[in-house]
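Each chain is listed here by its residues.
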Amino acid sequence: MAIFITGGARSGKSGFAEAYAMKLAKQGIYIATSQSWDDEEMIARTEHHQRTREQSGYKWKTIEEPYALAELLEQLERESSDEGSERKAVLVDCLTLWLTNWMLRLDEEESDQGLRDSKLQAINDQLVEAVAACTGPLLLVTNEVGSGIVPAYPLGRRFRDEAGRMNRKLAERCEQALLVVAGIPLDLKAHAFHIGD
């Protein structure tokens, strides 16, 4: 069962995702997509998340994967199917950092904007298909970035648009879509309006 979890910065979405994972399985795999580089704030955030997981008493296995997320999900699905034991909850935190990693990498590798866009589209589509193929508990944490001001620079606007497209596609393929606001999770699909046929 794939679960899409979005929200604003510091809304409580990661903490909620971890708590939900603990309810869904006895053990978990935490896929961290961040790259800290030399950013002291990002290093501090990463260390805080690691400490919180360690102190929870829940058995987490952490895998750091900034790029090959679809391939990793496919591998974990194969391994889980082969093992025959109780499934582990897989938590990805977070998709917008993963998207940032790819956008920056493609900007360095490819000068043609159209080619960058098509490559990013293919990478996103591969992730959507990997998520759709997962049969165990999979929690996807992402950021809702389209509700604020329009970014003042082109890369920021591209990121906002790409994140919105990615989130929309993944939310559609997930069984649950939750929005965390001020620490309160709201079930979007349960309250979705349907135009009908």
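Note that the structure is a prediction, hence the values are computed from the model and not measured.

## Digging into the pattern of salt bridges
- With the rule as written, the count across this model stands at 10 salt bridges.
- With its nearest N and O atoms 2.9 Å apart, the salt bridge here joins Glu77 to Arg87. Of this pair, Glu77 sits in helix 3 (residues 69–83) while Arg87 sits in the loop between helix 3 and strand 4 (89–93), and the two are 10 residues apart along the sequence.
- In this structure, the salt-bridge partner of Glu162 is Arg165, at a minimum N-O distance of 3.2 Å. Placement of both Glu162 and Arg165 in helix 6 (residues 154–173) is noted, with a separation of 3 residues, approximately one turn of the helix.

## Regarding the packing of helix 4 (residues 95–109) against helix 5 (residues 113–133)
- Two elements in contact, helix 4 and helix 5, have axes separated by 10 Å at closest approach and are oriented at 150°. Taken together, the axes of helix 4 and helix 5 are roughly antiparallel relative to one another. Pair helix 4 / helix 5 crosses with right-handed handedness. On helix 5, the residues that touch Leu95, Trp98, Leu99, Trp102, Met103, Leu106 and Asp107 of helix 4 are Arg116, Lys119, Leu120, Ile123, Asn124 and Leu127.

## Re the nonpolar core
- Grouped together as the largest cluster of nonpolar side chains are 33 residues, with contacts concentrated most on Ile31, Leu73, Val131, Leu138 and Leu170.
- Elements with a minimum of two residues in this core: strand 1 (2–7), strand 2 (27–32), helix 3, strand 4, helix 4, helix 5, strand 5 (138–141) and helix 6.
- Counting residues in hydrophobic clusters, the runner-up holds 17 residues, among them Ala17, Ala25, Tyr30 and Leu139.

## Observations concerning empty space enclosed by the protein
- Applying the stated criterion across every chain yields a total of 1 cavity of 30 Å³ or more.
- Empty space within the largest cavity amounts to approximately 90 Å³.
- Forming the boundary of the largest cavity are Leu73, Leu76, Glu77, Ser80, Arg87, Lys88, Val90, Cys134, Gly136, Pro137 and Leu138.
- Ranked by residues supplied to the lining of the largest cavity, first place goes to helix 3 with 4 residues.
- For the lining of the largest cavity, the residue count by class is 6 nonpolar, 2 polar and 3 charged.

## Concerning a nonpolar patch on the surface
- A surface patch of nonpolar side chains, about 270 Å² in accessible area, is lined by Leu104, Tyr153 and Leu155.
- Position of Tyr153 among the secondary structure elements: in the loop between strand 5 and helix 6.

## Quick notes on the side chain of Glu65
- Within the secondary structure layout, Glu65 lies in the loop between strand 3 (59–64) and helix 3.
- Look at Glu65: it is buried, it has no salt bridge, and the nearest opposite charge is Arg105 at 7.0 Å.
- Looking at Glu65, its side chain comes within polar contact range of the main-chain nitrogen of Tyr67, at 3.0 Å.
- Here Ala68 takes part through its backbone nitrogen, which lies 2.7 Å from a polar atom of the side chain of Glu65.
- Apart from the residues within four sequence positions on either side, Glu65 is in contact with Ile31, Ala32, Thr33 and Leu72.

## Side note on the packing of aromatic side chains
- The tally for this structure, following the rule as stated, stands at 4 aromatic pairs.
- Seen from their ring centres, Phe16 and Tyr20 are 5.6 Å apart, and the 45° between their planes marks the pair as tilted. Of this pair, Phe16 and Tyr20 both sit in helix 1 (residues 13–24), 4 residues apart, which is roughly one turn of the helix.
- Residue Tyr20 is classed as buried on the basis of its relative accessible area, which comes to 19%.
- Consider the rings of Tyr67 and Trp102, whose centres lie 5.2 Å apart with planes at 80°: the pair is edge-to-face. Taken together, the residues span a long stretch of sequence, with Tyr67 in the loop between strand 3 and helix 3 and Trp102 in helix 4 at a distance of 35 residues.
- With relative accessibility at 13%, the residue Trp102 sits in the buried group.

Scoring rules and cut-offs
Residues numbered from 1 in each chain as written. Predicted model: local features only at pLDDT ≥ 70, side-chain atom pairs only at ≥ 80, totals over all residues. Heavy atoms only, no water. Salt bridge = Lys/Arg side-chain N within 4 Å of Asp/Glu carboxyl O. Helix = DSSP H or I, 4+ residues; strand = E, 2+ residues; numbered from the N terminus. Axes fitted to C-alpha atoms, helices over the stretch in contact; angles between N-to-C directions. Parallel < 35°, antiparallel > 145°, perpendicular 65-115°, else oblique. Left-handed = near helix turned anticlockwise from the far one by under 90°. Contact = heavy atoms within 4.5 Å. Core = buried A, V, L, I, M, F, W, Y, C linked by side-chain atoms within 4.5 Å. Buried < 20%, exposed > 50% of the residue type's maximum accessible area, 1.4 Å probe, protein only. 1 Å grid on protein atoms, 1.4 Å probe; cavity = no way out; pocket = protein on both sides within 12 Å on 5 of 7 lines; lining within 4 Å. Points joined across faces, edges and corners; volume = space filled by probe spheres on them. Nonpolar A, V, L, I, M, F, W, Y, C, P; charged D, E, K, R; others polar. Patch = residues over 30% accessible without salt bridge, like charges linked within 9 Å, V, L, I, M, F, W, Y side chains within 5 Å. Areas by Shrake-Rupley, 256 points an atom, 1.4 Å probe, with all protein chains shown as cover. Lys, Arg positive; Asp, Glu negative; His and termini not counted. Polar contact = N/O pair within 3.5 Å; in protein donor to acceptor, adjacent residues only side chain to side chain. Phe/Tyr/Trp six-rings, centres within 6.5 Å; stacked < 30°, edge-to-face > 60°.

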